[in-house]
Amino acid sequence: MSLQHSKQISDHPLASIIGRRIILILVIISSSITLISTLLQLYADYTREVNAVEARHTELKQVHAESLAINLWEFNESQLKLRLEGLVKLPGLAYIKVTSNTGNQFWDAGHAVNGDKFESKIPPVYEGPGSQTPFVLGTLHVESSAEEIYQQLFETFTSLLLINGIKTFIVSAMVLWVFHFSVNRRIFSIMRYLERFRPSQKHVPLELEKPSFITTKEDELDILGLAVNQLSQKLHQLYSEIEQEKNRFSDFANVASDWLWETDADGQLSFASEQMLIQLDSSHQDSLLGKNLAQLLDTPALQISFEQKSDFNDLELQITLHEETHYFVLQGLAQFEYGRFLGFRGTAVDITAKKRAQTQLQELNETLELRVQQRTEQLKNSLEELELTQNQLIEREKMASLANLVAGIAHEINTPLGVAITATSMLDHSDNNPEKEAVELIDNNLQRVVRLVQMFKQTAVTNQHTHVENVQLKELFHDLSLGFQQSLTEKSATFVTEADDRLTWSTVSSSWLQVIGQLINNSLTHGFPQANFKNRISLKAFTQGDHLVVEYCDNGVGINDEMLDKLFEPFHTTRRNQGCTGLGMHIVYNQVTQILKGTIEADSAPEEGFSVCIRVPALEEEHPPGQ
């Protein structure tokens, strides 16, 4: 029964559900007892009546059968008929019939019973005076009606039920009236009081009516009313405490930076704290209610935890809010009631700042380690470059000192050489001179010495005659190749240049002419011992950062590692018997390192050709005075 049904119940005695139920039970019990007692009484009456009929039949057999036998023996029909009519009027007898042995004659009295009946057949026996053998003269048939007994019992049963029903009705009405005033009205008072009771309102105690002539001073309902008053007072107190805790919890939830949330069994949000609403950009809690929290946050990991229906802790999630990545740690407690899963209650702590700090710290550690590695690598490279530069400077100084020494010697030789050439020119060169061959031999060797002295002078590089200008490299290489065209043709060699048409560089063109010329002459002399159409020389120029890179390659016979290590040393040659001085690559080295301020590296292997890589910076272009 709901509360709405209770409001429809009237306080009339007949409207009392408990009263009517009590009356019904009382009627059923009383009726059952009455019915059982009546049935027992009827059974006793039935037994008594049946016994009376049987006794009447026995009386006929023992008392009247002999007199009837005498009348029948004497064949006194009038007396027999009169006696039968007198007997049938006895209680319990309905029909008596006497039949002779011959079966031709009979005498009866009363009416034969058609329905249920009790009947007996008694033989009339006659014993005459002095006779030793009795004679059975016929049959005495006696009938008693059972329906008369039934009718009598039914009347008794009806009267008893009617009397007991009236008595039960009167007793029930009195019980209902007493119950209404003593119990029902006070129960209704308690019910109405509970219906009107509100914990949030001022507490008003319950007062029950007490009819003095029915109720005692204190009964069970008075104790119940006292319990209701105590309960209502406690409920009022608990409500006040709950409201206080609710307000406190609400304040804590609203000012807390963490999320507080609750879901139902399907994972749909049923509660969200104010901070959660703000961060989810929801103006009111109702806009989030009924939405699946895992789908709302777009986190499959949370949906997996929901499906497990068990507590979870430290569930770290990455959530995008307002196009910005946030990190939360969720904790949830599974709620069960009587084994039935109700949902989750949990919190979500925003650890974005902590996560970013950890990320920055990790990046800083990784960056620091990388910086240390980079700095170590830089220091290592710097040390290697320093050692290389130191070796190059030592090599340059050695080469420069050696070149200056050679140039000084050449200068000292130059004067007596000039005198010798002048003296030789005074000798007779005519065919009639018998010493003509000696004169020509002296002249040829003096010219050879002149060439050597000139080459020695070239090893002493000076900046007095260097001119820095903006040079178009491809055009410079092309002009240089024209000067070696005949020599290239003799070796059947191909000279290929590769450079951008717009590539210009601030450098010393004369030094490049000496460098490239010496390299070409070295390839034709040493790299290509024989003429072959496969002989090929390539020259490639390009910029790399703030340096010009020139790569020179040939596909000649190459040199071994031992010769490669001594390549730039003066007077080192493999063909000294063919007139080579071993100063060509030394001049190239001095020009690149001292005039062009660059570096040169050579690479070769037997039968794999020869290559040189030259890296030079851009030199400051010279300007005429006044500009």
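Below, the structure is looked at part by part. Every chain's residues receive numbers from 1 upward, in the order its sequence appears when written. Given that this is a predicted model, residues contribute local features only at a pLDDT of at least 70 and side-chain atom pairs are listed and counted only at 80 or more, while totals for whole chains, interfaces and linings are drawn from all residues. Only hydrogens and water are removed before side-chain values are computed, so all heavy atoms of the structure are retained for them.

## Examining the pattern of salt bridges
Here's step 1: Think of a salt bridge as a Lys or Arg side-chain nitrogen and an Asp or Glu carboxyl oxygen that are within 4 Å of each other. Evaluated as defined, the whole model comprises ten salt bridges.
Here's step 2: Close ionic contact of Lys-117 with Glu-143 constitutes a salt bridge, the shortest N to O distance being 3.3 Å. In this pair, Lys-117 sits in strand E3 (residues 117-122) while Glu-143 sits in strand E6 (residues 138-145), placing the two residues 26 residues apart along the sequence.
Here's step 3: Glu-143 sits in the buried class, given a relative accessible area of 5%. Helix numbers and strand numbers start at the N terminus; a helix is a DSSP run of H or I with at least 4 residues, a strand a run of E with at least 2. Any residue under 20% of the maximum accessible area for its type is buried, any over 50% is exposed, and the rest in between are partly exposed; the area is computed with a 1.4 Å probe on protein chains only.

## Here's the deal with the sheet that holds strand E17 (residues 599-604)
Here's step 1: Across the sheet, which stays open at both edges, the five strands sit in the order E13-E15-E16-E18-E17 with mixed pairing between neighbours. At either margin of the open sheet sits one strand with a lone partner, and together these are strand E13 (494-498) and E17. If you compare each strand with its neighbour and ignore which way they point, the axes differ by 15° on average.
Here's step 2: At least two DSSP bridges between two strands are needed for those strands to be called paired. Pairing of E13 with strand E15 (residues 536-544) involves five bridges; the strand directions are parallel. Its bridge partner being in E15, Val-496 is matched across the sheet by Ser-538.
Here's step 3: We call two residues in contact whenever any of their non-hydrogen atoms come within 4.5 Å of each other. Helix axes use the C-alpha atoms of the stretch in contact, all axes being lines fitted to C-alpha atoms, and the angles between their N-to-C directions lie in the range 0 to 180 degrees. Lying on the sheet, helix H15 (residues 584-595) is in contact with E17 and strand E18 (610-617); it crosses E17 at an angle near 145°.

## Some remarks on the pairing of strand E1 (residues 95-100)
Here's step 1: With six bridges connecting them, E1 and E6 associate as antiparallel partners. Among the inter-strand pairings, Ser-100 is bridged to a residue of E6, identified as Gly-138.
Here's step 2: Relative to strand E2 (residues 106-110), E1 runs antiparallel, the two sharing five bridges. Residue pairing for E2: Ile-96 is matched across the bridge by Ala-109.

## Describing the packing of aromatic side chains
Here's step 1: Pairs were defined over the aromatic rings of Phe, Tyr and Trp, the Trp ring being its six-membered one, requiring ring centres within 6.5 Å. Orientation was assigned from the angle between planes: stacked under 30 degrees, edge-to-face over 60, tilted for the rest. Scanning the entire structure with this criterion turns up nine aromatic pairs.
Here's step 2: For the pair Tyr-193 and Phe-197, a centre-to-centre distance of 6.4 Å together with 35° between the ring planes defines the contact as tilted. For the pair formed by Tyr-193 and Phe-197, the shared burial category is buried.
Here's step 3: On the numbers, 6.4 Å between centres and 55° between planes, the contact of Phe-306 with Phe-312 is tilted.
Here's step 4: Clustering of aromatic rings is evident, with ring pairs tying together Trp-261, Phe-306, Phe-312, Phe-336, Phe-341 and Phe-344.
Here's step 5: Both a distance and an angle decide whether a charge sits over a ring: NZ of Lys or CZ of Arg must be within 6 Å of the ring centre and within 35 degrees of the ring normal. In this structure, Lys-97 packs its charged tip against the face of Phe-106, placed 4.7 Å from the ring centre.
Here's step 6: Just above the ring of Tyr-327 sits the side chain of Lys-355; from NZ or CZ to the centre is 5.8 Å.

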